[in-house]
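# Reading the structure
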Amino acid sequence: MDLETYRKKLHVRIRAAGIFILVSLTAPSIVLIRLFSESAEGSHYAGFISGALCGLSLVLVSLIFRWRKALQDDAACKQMYLKEYDEREIALWQKAGQSSFLFEVYGLLLAGLIAGYFSLPVCFALIGASFFVALLRKGFRLYYKKHM
């Protein structure tokens, strides 16, 4: 990938982040306020979701500023490009992902078994999440085995 293709990729990221910010700050707020405003528990949940979406939007705004700054300065754009496609950094992320996978799956399974003592729905949710992570990893592994 060359630097000009990377610039186009940054433009796409900025547009996608902007669309996500608009959708996350408008549509859920209207829907959640209407759906959950009757009960106290629902209003707490609506507040939690609204706060989480606002926090995520703030992170995206900061990323948009960083990407726009990189697009205006060639040296910053090249530095960001080199950092993103650095072979050593990619290898480190791959190694970290390989070793953390077992801790994630076994941690979720252990938490699910412990949670089973207190709440069966939480137990099933955690065990289901661990199977989802394991199946997702297996699916990606099979896909990349065919396509690499």
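All figures in this text were calculated on a predicted structure; none of them were measured in a lab.

## A short note on the nonpolar core
Formed by 13 residues in total, the largest nonpolar core has its most connected members in Y6, L10, I64, W67 and M80. Mapped by element, the contributors of at least two residues to this core are α1 (3-36), α2 (40-72) and α3 (74-84). Every residue in contact with L10, bar those within four places of it in the chain, is listed here: W67, L71, C77 and M80.

## Describing the packing of aromatic side chains
If you walk through the whole model with that rule in mind, you get four aromatic pairs. Centre to centre, the rings of Y81 and Y85 are 5.3 Å apart; their planes meet at 45°, and the pair counts as tilted. By way of ring pairs, the aromatic residues Y6, Y81 and Y85 are connected into one cluster.

## Quick word on the packing of helix α4 (residues 87-115) against helix α5 (residues 120-147)
Close contact between α4 and α5 brings their axes to 7 Å; oriented N to C, the two are set at 160°. When the axes of α4 and α5 are compared, the pair comes out roughly antiparallel. Handedness of the α4/α5 crossing: left-handed. Between α4 and α5, the contacting residues are G97, Q98, F101, E104, V105, L108, L109, A111, G112, L113 and A115 on the first element and V122, C123, L126, I127, A129, S130, V133, A134 and R137 on the second. In the contact of α4 with α5, the residues fall into 14 nonpolar, four polar and two charged.

Cut-offs and rules
- Residues numbered from 1 in each chain as written.
- Predicted model: local features only at pLDDT ≥ 70, side-chain atom pairs only at ≥ 80, totals over all residues.
- Heavy atoms only, no water.
- Core = buried A, V, L, I, M, F, W, Y, C linked by side-chain atoms within 4.5 Å.
- Buried < 20%, exposed > 50% of the residue type's maximum accessible area, 1.4 Å probe, protein only.
- Helix = DSSP H or I, 4+ residues; strand = E, 2+ residues; numbered from the N terminus.
- Contact = heavy atoms within 4.5 Å.
- Phe/Tyr/Trp six-rings, centres within 6.5 Å; stacked < 30°, edge-to-face > 60°.
- Axes fitted to C-alpha atoms, helices over the stretch in contact; angles between N-to-C directions.
- Parallel < 35°, antiparallel > 145°, perpendicular 65-115°, else oblique.
- Left-handed = near helix turned anticlockwise from the far one by under 90°.
- Nonpolar A, V, L, I, M, F, W, Y, C, P; charged D, E, K, R; others polar.

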